[in-house]
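Listed here are the chains, written in short residue letters.
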Amino acid sequence: QVQLVESGGGLVQPGGSLRLTCATSGIIFTRYNMGWYRQAPGRQRELVASISSSGKTNYADSVKDRFAISRNNAKNTVSLQMSSLKFEDTAVYYCSAYLPLTEYWGQGTQVTVSS
């Protein structure tokens, strides 16, 4: 059974930092590309950052230079280090593991940026 479990969300003030982690099981982690998505109320889910099976990273323009995605193949986890958080980063953040014909999702973790 495939499981993706996100953790690390919470309430943070503007300018603060959070680190999200997605723990995976049931997949051959090293074969999968991994992504972090987010969905704010009333908005479509959007890609925040991705990291390929070979370690190539990609970021949405809105988070470049503030967020960093990384993977730990020994622990089957992917993380998203978020810094300089803004009000508009408030959303539910989802982890995804994907291949061309397969995609798995976690249940999401809430990130709220508020003063």
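Thresholds, definitions, all that
- Residues numbered from 1 in each chain as written.
- Predicted model: local features only at pLDDT ≥ 70, side-chain atom pairs only at ≥ 80, totals over all residues.
- Heavy atoms only, no water.
- Core = buried A, V, L, I, M, F, W, Y, C linked by side-chain atoms within 4.5 Å.
- Buried < 20%, exposed > 50% of the residue type's maximum accessible area, 1.4 Å probe, protein only.
- Helix = DSSP H or I, 4+ residues; strand = E, 2+ residues; numbered from the N terminus.
- Pairing = 2+ DSSP bridges.
- Axes fitted to C-alpha atoms, helices over the stretch in contact; angles between N-to-C directions.

### Considerations on the nonpolar core
Here is step 1: Residues Met34, Trp36, Leu80, Met82 and Tyr93 are the most contacted members of the largest nonpolar core, which totals 28 residues.
Here is step 2: Counting only elements with at least two residues in this core, the list comes to strand E3 (18-25), strand E4 (33-39), strand E5 (46-51), strand E7 (67-72), strand E8 (77-82), strand E9 (91-99) and strand E11 (109-113).
Here is step 3: Per-element accounting of this core gives the leading share, four residues, to E9.

### Looking at the sheet that holds E3
Here is step 1: With antiparallel pairing, the four strands of this open sheet are ordered in space as E1-E3-E8-E7. Looking at strand neighbours, the two that pair on one side only are strand E1 (3-7) and E7, the edges of this open sheet. Averaged over all adjacent pairs, the angle separating strand axes in this sheet is 15 degrees, with direction ignored.
Here is step 2: Examined bridge by bridge, E1 and E3 share five bridges and lie antiparallel to one another. Residue glutamate 6 lies in a different strand from E3, and its bridge partner there is cysteine 22.

### Structural notes on the side chain of serine 50
Here is step 1: Position of serine 50 among the secondary structure elements: in strand E5.
Here is step 2: A relative accessible area of 8% means that serine 50 is categorised as buried.

### With respect to unusual backbone geometry
Here is step 1: Phi at asparagine 76 takes a positive value of approximately 60 degrees, unusual for a residue other than glycine.
Here is step 2: Along the chain, asparagine 76 falls in the loop between E7 and E8.
Here is step 3: What makes asparagine 76 partly exposed here is its relative accessible area of 27%.
Here is step 4: Positive phi, normally seen in glycine, also occurs at serine 84, with a value near 50 degrees.
Here is step 5: Relative to the elements of secondary structure, serine 84 occurs in the loop between E8 and E9.

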